[in-house]
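Residue strings, one per chain:
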Amino acid sequence: MKTKDAGKRYRSVIGTRSRLGQVMTPKRLAEAVVCLMGERGGCWLELGSGSGRLAEAVHDQAEPISYLGIELEAAMIEKSPLLTGFSYLQKDVLEVASLANALDRQQFDHVIGNPPYGIHGFSIEATARLRELCPELLIQGNWAPIDLYFVLESLSRLKPTGSAAFIVGADIPCGVQSQQFRRMLVETASQIECYELPSTAFALSAEVQAYVLVIRFGRCRAKHVSLGRLNEQFEVVALRQFSCAEAIKNMDLSDHEFGEVDAALRRSSHGVTMKDLNVSIVRGSRTRAQFSQLGVPHFHTSDFPRSGMEISLQGASSPNYQQAKVGDILLPRVGTRCLEHKAVVVGGQSPYSEAVFRIRAPAKHQEQLVRWITSAECSNWRRAAARGACAKHLTVSTLLSMPVPV
């Protein structure tokens, strides 16, 4: 099987897990997922059970009658907890016939999982199974989000009044390709909750965009969808209700919040954007590593001041690289933790790295632009407008569309 962009989303791991873009569930996150479900007892199923982090959390918090984990790798099963009522089968979830034979007609009270992430190339049989489980799903050839396959297969094994919880990538709650799945969900589920995870959910050194999706089924249909956010302790710090129509478009709370902020700013700016002010936005010409190899002093995202905004550059003029000089505004292009930073050059000049944007405006708009870009409101807008499954980033087109209040 071939994969596309698999294994890059969170961290590099060896073997099958790297190929499928799978990462182990941290203990505290596993506990938080089970807590958000709030279920006790019953029979549980997990497709892609790994070393049993979620299984252990279910055992400790939910007192299940039974728990079945399906896992591809024997080495992972050997690491799984040996608990009363818990069993594991070595099967490939993507092998349609084999999985069907193993599970037969079993139905479960609860399903849970942290499936692989990324866009995956499926076999003919698996692609047909995807279309069977979600007939209107947009599939490009045989490519689709692999976590969506695991979620759909899990839900197909759920009792009519069962519940589910999954740790998923951005494709399911946000991707256009998964919109028909979200539509199917709001038309069949009785309760839906989607929580944005902190960027450090899987490792302090990794930046991620992942979510906990909680689904409950019953006799009534959902009238709204709850979208929330968890902090680094996996506590709920925000929770709001949105219409089913809004949730079908997107289940990311930050995206809806950005839409509200952006609309308010556009009203106050009377439609004026950076592009209307003839602002020039230019990305740096070399990476930090390339500048270092060349021995060329340069400005990088790590050089943004932590307090204040005025900087004096110490580099030398060079026609070979993009230069920042007095009057220029510098903004980070990439990096979730630094997107709110900014700097105004008041002295010297220097090349700057490709992780930085140089902003220049006509003299008649300079004061207005500096006042806006150095404001807290602009920092909040940039942070909310940034996109990316790993490190968040901004594009030139996004910044040119940014409203500039008068």
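Here, the structure is the one placed above.
Scope of this entry: the structure provided in the associated data block. Keep in mind it's a predicted model, so treat the numbers as computed, not measured. (Residues numbered from 1 in each chain as written. Predicted model: local features only at pLDDT ≥ 70, side-chain atom pairs only at ≥ 80, totals over all residues. Heavy atoms only, no water.)

Glancing now at the overall build of the chain. In terms of helices and strands, the chain carries 15 helices and 19 strands. Relative to the globule expectation of 22 Å for 406 residues, the C-alpha radius of gyration of the chain, 24 Å, shows essentially globular dimensions. Once the C-alpha set of the chain is aligned to its principal axes, its extents read approximately 70 × 45 × 40 Å. Counting all 406 residues of the chain, 55% fall into the buried class. Partitioning the contacts of the chain with sequence separation of at least 6, the portion at a separation of at least 24 is 70%. (Helix = DSSP H or I, 4+ residues; strand = E, 2+ residues; numbered from the N terminus. Rg over C-alpha atoms; globule rule 2.2 N^0.38 Å. Buried < 20%, exposed > 50% of the residue type's maximum accessible area, 1.4 Å probe, protein only. Contact = heavy atoms within 4.5 Å.)

Moving on, we get to the pattern of salt bridges. Scanning all chains against the criterion turns up 18 salt bridges. Ionic pairing is found between Arg333 and Glu354, a salt bridge with its closest N-O pair at 2.8 Å. With a gap of 21 residues between them, Arg333 in the loop between β16 (329-332) and β17 (343-347) and Glu354 in the loop between β18 (350-351) and β19 (356-360) connect regions that are remote in the sequence. Accessibility classification places Arg333 together with Glu354 in one group, the buried group. A salt bridge links Glu340 to Arg383; the shortest N-O distance between them is 4.0 Å. Here Glu340, found in the loop between β16 and β17, pairs with Arg383, found in helix α14 (residues 376-385); they are 43 residues apart in sequence, far enough to count as distant. (Salt bridge = Lys/Arg side-chain N within 4 Å of Asp/Glu carboxyl O.)

Turning our eyes to something else, we now look at the sheet that holds strand β4 (residues 86-90). Strand pairs in the sheet, formed through backbone hydrogen bonds, run parallel or antiparallel to each other. Pairing within the open sheet is mixed, and its 9 strands lie in the order β4-β3-β2-β5-β8-β10-β9-β11-β12. The open sheet terminates on both sides in strands that have one partner only, identified here as β4 and β12 (236-243). For this sheet the average axis-to-axis angle between neighbouring strands, irrespective of direction, equals 15°. Relative to strand β10 (residues 210-216), strand β8 (residues 158-169) runs antiparallel, the two sharing 7 bridges. Across the sheet, residue Ala164 finds its bridge partner in β10, namely Ile215. (Pairing = 2+ DSSP bridges. Axes fitted to C-alpha atoms, helices over the stretch in contact; angles between N-to-C directions.)

A pair of packed helices can be characterised by two numbers: the angle between their axes and the separation between those axes. Axis separation between helix α11 (residues 253-268) and α14 bottoms out at 10 Å; the angle between their running directions is 135°. With respect to α14, the element α11 is oriented oblique. Considering only the axes of α11 and α14, their crossing is left-handed. Here Phe258, Asp262, Leu265 and Arg266 of α11 lie close against α14, whose contacting residues are Trp381, Ala384 and Ala385. Considered class by class, the residues forming the contact of α11 with α14 number 5 nonpolar, no polar and 2 charged. (Parallel < 35°, antiparallel > 145°, perpendicular 65-115°, else oblique. Left-handed = near helix turned anticlockwise from the far one by under 90°. Nonpolar A, V, L, I, M, F, W, Y, C, P; charged D, E, K, R; others polar.)

Moving on to the sheet that holds β17. The strand order across the open sheet formed by 5 strands is β13-β19-β16-β17-β14, and the pairing between neighbours is mixed. Every other strand in the sheet has two partners, leaving β13 (280-283) and β14 (310-312) as the edge strands with one partner each. Pairwise comparison of adjacent strand axes, ignoring direction, gives a mean angle of 35° for this sheet. Relative to β19, β16 runs antiparallel, the two being bridged by 4 bridges. Looking at β19, one finds that Leu330 is bridged to Arg358. Strand contacts of helix α13 (residues 363-373): β16, β17 and β19, with the helix running at about 30° to β16, the strand carrying the most contacts.

What follows covers the nonpolar core. Counting residues in each nonpolar core, the largest one holds 50 residues, and the members touching the most others are Leu155, Phe181, Leu213 and Ile215. Examining the composition of this core, we find that 7 residues originate from one element, helix α7 (residues 146-155), more than from any other. With 31 residues, the next largest nonpolar core counts Val34, Ile77, Val208 and Leu230 among its residues. (Core = buried A, V, L, I, M, F, W, Y, C linked by side-chain atoms within 4.5 Å.)

Before going further, it helps to spend a moment on the packing of aromatic side chains. Given two aromatic rings, one states the distance between the centres and the angle between the planes to describe the pair. Scanning all chains against the criterion turns up 5 aromatic pairs. Seen from their ring centres, Phe122 and Tyr149 are 5.3 Å apart, and the 20° between their planes marks the pair as stacked. Of the two residues, Phe122 sits in the loop between β6 (119-121) and α6 (124-133) while Tyr149 sits in helix α7, which places them 27 residues apart along the sequence. Ring geometry for Phe299 versus Phe304: centroids 4.9 Å apart, planes at 85°, classification edge-to-face. Take Phe299 and Phe304: they sit in the same class, and that class is buried. (Phe/Tyr/Trp six-rings, centres within 6.5 Å; stacked < 30°, edge-to-face > 60°.)

All right, on to unusual backbone geometry then. For Asp104, which is not glycine, the phi dihedral falls at a positive 55°. Tracing the chain through its elements places Asp104 in the loop between α5 (96-103) and β5 (108-113). The class for Asp104 is exposed, based on a relative accessible area of 55%. Residues other than glycine seldom take positive phi values, yet His270 does so here, at roughly 55°. Here His270 lies in the loop between α11 and β13.

Let us look at the pairing of β16. Every second residue of β16 is oriented toward a common face, with Ile329 and Leu331 on one face and Leu330 and Pro332 on the other, all of them buried. With 2 bridges joining them, β16 and β17 adopt antiparallel strand pairing. Looking at the pairing, Leu330 lines up with Ala343 of β17.

What follows is about α14. For α14, the complete set of buried residues consists of Cys378, Ser379, Trp381, Arg382 and Ala385. With its buried residues spanning 160° around the axis, α14 presents them on a single face. Lining the buried residues of α14 we find α11, β16, α13 and α15 (396-400). (Arc of directions from axis to C-beta.)

The element β19 is largely enclosed, with a buried count of 4 among its 5 residues. In this structure, β13 lies alongside β19, joined through 4 bridges in antiparallel fashion. Of the residues in β19, the one forming a bridge with Arg283 is Phe357.

None of this, on its own, says anything about what the molecule does.
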